[in-house]
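# Breakdown of the fold
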Amino acid sequence: MTVSQEIRLLSDGVNDLQELIGNLVVAGAFGGSHSLYELQSLDRISQSLDAISDYLGGASKLSSPAWKIDVTEASRCVKLAEVSDRLNGIKREGASQDSAGDFDDFELTA
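Residues numbered from 1 in each chain as written. Predicted model: local features only at pLDDT ≥ 70, side-chain atom pairs only at ≥ 80, totals over all residues. Heavy atoms only, no water.

## Observations regarding helix α1 (residues 2-26)
Compared with an ideal rise of 1.5 Å per residue, which puts 25 residues at 36 Å, α1 spans 37 Å between its outermost C-alpha atoms and is within 8% of the ideal. Here α1 has its buried residues at S4, E6, I7, S11, V14 and I21. G28 occupies a position one or two residues after α1 and carries a positive phi of about 85°. (Helix = DSSP H or I, 4+ residues; strand = E, 2+ residues; numbered from the N terminus. Expected span 1.5 Å × (residues − 1). Buried < 20%, exposed > 50% of the residue type's maximum accessible area, 1.4 Å probe, protein only.)

## Focus: the side chain of E6
Here E6 is to be found in helix α1. Judged by its relative accessible area of 11%, E6 is buried. In this structure, E6 is in contact with V83, R86 and L87, ignoring residues within four places of it in sequence. (Contact = heavy atoms within 4.5 Å.)

## A few points about the pattern of salt bridges
Here the structure, examined in full by the defined rule, presents 5 salt bridges. Among the ionic pairs, E6 bridges to R86, the shortest N-O distance being 2.4 Å. Here E6, found in helix α1, pairs with R86, found in helix α4 (residues 81-87); they are 80 residues apart in sequence, far enough to count as distant. Across the pair R86 and E82 runs a salt bridge whose closest N-O atoms are separated by 2.6 Å. Remark: E82 and R86 occur in helix α4; sequence separation between them is 4 residues, near one turn of the helix. The network of salt bridges with shared partners includes E6, E82 and R86. (Salt bridge = Lys/Arg side-chain N within 4 Å of Asp/Glu carboxyl O.)

And the structure:
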C-alpha cells in the first residue's frame, strides 16, 4: 500500500506539471503542433502512474498479512533518501536537506 501511495504522489506531481504547462501553452510559450503532441505524454504518464497505483493498492488488499517483505533491504536500492524513508514508514521532521542521496533542485540561470 505504501508503494501505491508513493506512485500516487508521482501522479499528482505530473498532474501539477500538466496544469503549469497548459498555462504556458495558452500563453504561447510552446509553438507548433509537434510540441503539443509531445506534451500529451505527460497525460499518458499520469494515467499510467494512477493505473499502477490502483493495481498495487488492489494487490495489497488481496495479500496475506503473513507474507513478509524486508522493505529495509529493498529500500537500500532507492537513491533518494526522502523516498526511501517514506517507503520504510520513517517520518523525519527537520532532517537535513543536504544528506547524501537527497534530491538536488536545479538552479535557474538568466
